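Structure assessment
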Amino acid sequence: MNRLKMLTGRHALALLAACALVLAAGTGQGAWGAADISVRALVGRETVTLGEPFLLQIQVEGQDVSPATQPPDMSALHDFSVESLGSRSNSSSSITIVNGRMSKVETHGYVLSFQLTPKKAGRLTIPSLSVPVEGKTYPTQPILLKVEPPEATEDFHLKVSFS
């Protein structure tokens, strides 16, 4: 029984020191896995009203992703007015120790935000957008939207026109 307590104390200290060394050894992707990059386009809702602005976010994530230096080409959005709202960093880190084995996952990324305003009613598509990341281009998936005309009431009539 005494031998078990003595080994546990020494091994606990050695295990703690080994974990500290592994954590301090760096976060290079070679030690933790390849740098997979994902790019997604998201909207807050899929049914909007003509002339009503809504948010389009493009999320870029990966293990070694730096903030965007060049925004995606938005020229394919003919049916929308587009306004850039900027970008922000987005990162997470987790460490898991199971049966004495440690694994670490770090994800870095950023979110690009755009305000879109539909120019016509009907079923519209936000096409696949090409997003430049780390010297390569990644496509987003197209997004289908239903754009409804504004409702007219007895008290208020709205006429929307774009030039």
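Scope of this entry: the structure provided in the associated data block. (Residues numbered from 1 in each chain as written. Predicted model: local features only at pLDDT ≥ 70, side-chain atom pairs only at ≥ 80, totals over all residues. Heavy atoms only, no water.)

Structural notes on the packing of aromatic side chains
To keep it simple, the criterion reads: Note on aromatic contacts: the rings of Phe and Tyr and the six-membered ring of Trp form a pair at centre separations within 6.5 Å, being stacked when their planes are under 30 degrees apart, edge-to-face when over 60 apart, and tilted otherwise. Helix numbers and strand numbers start at the N terminus; a helix is a DSSP run of H or I with at least 4 residues, a strand a run of E with at least 2. Accessible area is worked out with a 1.4 Å probe on protein chains only. A residue is then buried under 20% of its type maximum, exposed over 50%, and partly exposed in between.
Taken as a whole, this structure holds one aromatic pair when the rule is applied. Ring plane angle 75 degrees and centroid distance 6.1 Å describe the contact between Phe54 and Phe80, whose orientation is recorded as edge-to-face. One end of the pair, Phe54, is in strand E3 (residues 54-62); the other, Phe80, is in strand E4 (residues 80-98), with 26 residues separating them in the sequence. Accessibility assignment for this pair places Phe54 and Phe80 in one class, buried.

Overview of the sheet that holds strand E1 (residues 38-43)
Put simply, the rule is: The rule for pairing is simple: two strands pair if DSSP sees at least two bridges between them. Lines are fitted to the C-alpha atoms to define the axes, a helix being fitted only along its stretch in contact, and any angle between axes, read from their N-to-C directions, falls within 0 to 180 degrees.
If you trace the four strands from one edge of the open sheet to the other, you get E1-E3-E5-E4, paired in antiparallel fashion. Each end of this open sheet is capped by a strand with a single partner; those strands are E1 and E4. On average, adjacent strands in this sheet sit at an angle of 20 degrees to one another, irrespective of strand direction.

Things to note about the nonpolar core
One recurring pattern in soluble globular proteins: nonpolar side chains tend to sit buried together. The condition that has to hold: By nonpolar core we mean a set of buried residues, namely Ala, Val, Leu, Ile, Met, Phe, Trp, Tyr and Cys, connected to one another through side-chain atoms within 4.5 Å. Residue contacts are defined here by distance: any two heavy atoms, one from each residue, within 4.5 Å place the two residues in contact.
If you look at the biggest cluster of nonpolar residues, it comprises 25 residues, and the most contacted ones within it are Phe54, Leu56, Ile58, Val60, Phe80, Leu116 and Ile126. For this core, the elements supplying multiple residues, two or more each, are E1, E3, strand E5 (101-118), strand E6 (122-126), strand E7 (130-133) and strand E9 (143-148). Residues within four places of Leu56 in sequence aside, it is in contact with Ala41, Leu42, Val43, Met74, Leu112, Ser113, Phe114, Leu116, Ile126, Leu129 and Ile143.

Describing the pattern of salt bridges
Which entries qualify depends on this criterion: Whenever Lys or Arg places a side-chain nitrogen within 4 Å of a carboxyl oxygen from Asp or Glu, that contact is recorded as a salt bridge.
Per the counting criterion, the structure on display carries three salt bridges. The closest approach of N and O atoms between Glu52 and Arg45, which form a salt bridge, is 2.7 Å. Glu148 is paired through a salt bridge with Lys146; the nearest N and O atoms lie 3.6 Å apart.

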